[in-house]
Amino acid sequence: MTTTLPQPEIQLPPPSTPEQAAPPVDIRLKALQRFAISITILTILGHAVLGFEQAPITPIVSVLAAYAVELLMETLSAWSKGRRPGYAGGPRALVTFLLPAHIVGLACAMLLYGNASVWPYVFAVAVGICLKHLIRIKVNGSARHFLNPSNAGIVVTLLLFPWVGIAPPYQFTASISGALDWFVPLGILMLGTMLNAKLTGKMPLIAGWAGGFAAQAVIRWLLLDHSPVGALLPMTGAVFVLYTNYMITDPGTTPVKPRNQMIFGATVAAVYGVLVTLHVAFGLFFALAITCLLRGAVLLVGRVRREKAAR
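Residues numbered from 1 in each chain as written. Predicted model: local features only at pLDDT ≥ 70, side-chain atom pairs only at ≥ 80, totals over all residues. Heavy atoms only, no water.

### Here's the deal with the pattern of salt bridges
Okay, so step 1: Applying the stated rule across the entire model yields 3 salt bridges.
Okay, so step 2: The salt bridge involving E70 is made with K132; its shortest N-O contact spans 2.9 Å. Taken together, the positions of E70 in helix α3 (residues 57–81) and K132 in helix α5 (residues 119–134) put the pair 62 residues apart, joining distant regions of the chain.
Okay, so step 3: When its relative accessible area of 2% is taken as the criterion, E70 is described as buried.
Okay, so step 4: Residue class for K132 comes out buried when judged on its relative accessible area of 13%. (Salt bridge = Lys/Arg side-chain N within 4 Å of Asp/Glu carboxyl O. Helix = DSSP H or I, 4+ residues; strand = E, 2+ residues; numbered from the N terminus. Buried < 20%, exposed > 50% of the residue type's maximum accessible area, 1.4 Å probe, protein only.)

Right, here's the structure in full:
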């Protein structure tokens with residue numbers, strides 16, 4: 001005869017759903033992280049291998065200035081609205097909060113050329129980040145910035161300090177030769193395209209921009225007798241690739257709907273063509289700034305119409 005001890009009742013956990021097993025991925029955060037990593041690696045390679053013209057201390061100073069201005073503006077904003085600062089919550093929250101400022105600092109340090117002075121870079125990042133906090137439009141109940149921070153800082157700096165220019169395009173391949181001259185732009189193009197295709201969803205914008213750029217080159221050739229090769233040649237350079245994949249596609253200051261993305265990209269190209277015809281230098285950056293202002297005006301008019309309709 002055997003005695004069987006009663007087995008204790010085992011409480012099995014409920015079956016896990018896919019959502020419980022794997023929390024949803026924050027696409028925006030993932031895109032920010034990839035952008036920050038990409039521009040950091042490019043900056044390091046640029047100063048160590050490629051031949052960037054700025055002093056190596058420039059990106060360090062620019063990024064530290066960007067961190068300081070971003071933290072100051074967020075602290076003031078949180079204090080004025082009686083809310084918790086966005087960077088509160090530990091080291092991880094702080095790092096995540098500073099990712100946009102990190103990108104702005106490195107972008108300004110890479111694209112501007114202030115000769116022997118670091119102050120133009122500090123000024124550019126300070127202006128870009130301050131404008132992001134100060135110039136906003138309330139859309140669907142939340143205040144959003146519509147000026148690309150890096151581009152806005154660069155444009156204001158170029159307007160106020162004529163002795164500051166854009167970094168020479170050759171710096172991206174100045175110290176390499178042979179096949180590497182092709183591999184560097186091609187590598188940037190492939191990484192940027194994958195990033196935008198998988199994370200930001202800005203491929204319609206890129207299509208509108210690239211198609212519009214080619215169209216304005218053809219129109220200038222047909223109507224103004226501009227050299228077609230000269231008008232299309234910028235599309236083959238590293239600057240155009242960087243601008244297309246990392247500047248114009250800023251998720252925070254561009255439309256979401258595919259049709260609106262294409263209109264936004266085509267508008268930047270059209271404004272660029274007009275600026276080139278008027279012999280305005282640095283047309284890429286001014287064209288994006290003008291297009292962002294136009295989009296801000298459209299958002300403002302739309303909000304006013306909705307408020308009138310709701311009365």
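### Observations regarding the nonpolar core
Okay, so step 1: Core analysis: the biggest nonpolar cluster contains 44 residues, and I154 and W209 have the highest contact counts within it.
Okay, so step 2: The greatest single-element share of this core, amounting to 7 residues, is contributed by helix α12 (residues 283–310).
Okay, so step 3: Ranked by size, the runner-up nonpolar core spans 16 residues in total, among them I39, A107, V241 and L242. (Core = buried A, V, L, I, M, F, W, Y, C linked by side-chain atoms within 4.5 Å.)

### A closer look at the packing of aromatic side chains
Okay, so step 1: All told, the structure shown has 11 aromatic pairs when counted by the stated rule.
Okay, so step 2: Here Y87 and F97 contribute two aromatic rings whose centre-to-centre distance is 5.7 Å and whose plane-to-plane angle is 65°, an arrangement assigned as edge-to-face. Of the two residues, Y87 is situated in the loop between α3 and α4 (91–111) and F97 in helix α4; the sequence distance between them amounts to 10 residues.
Okay, so step 3: Residue class for F97 comes out buried when judged on its relative accessible area of 15%. (Phe/Tyr/Trp six-rings, centres within 6.5 Å; stacked < 30°, edge-to-face > 60°.)

### So, the pairing of strand β2 (residues 136–139)
Okay, so step 1: Side chains of β2 alternate between two faces, with I137 and V139 buried and R136 and K138 left unburied.
Okay, so step 2: In the sheet, β2 pairs with strand β3 (residues 142–145) via 4 bridges, with the strands oriented antiparallel. Across the sheet, V139 pairs through a bridge with S142, a residue of β3.
Okay, so step 3: Here β2 folds back onto β3 in antiparallel fashion, the turn holding 2 residues, of which N140 has a positive phi close to 55°. (Pairing = 2+ DSSP bridges.)

### Details of helix α2 (residues 27–50)
Okay, so step 1: Among all positions in α2, only A31, L32, F35, A36, I39, L42, T43, G46 and L50 are buried.
Okay, so step 2: In this structure, the buried residues of α2 make contact with α3, α4, α7 (180–200) and α10 (238–247).
Okay, so step 3: A positive phi of about 115° marks G51, the residue just after α2. (Contact = heavy atoms within 4.5 Å.)

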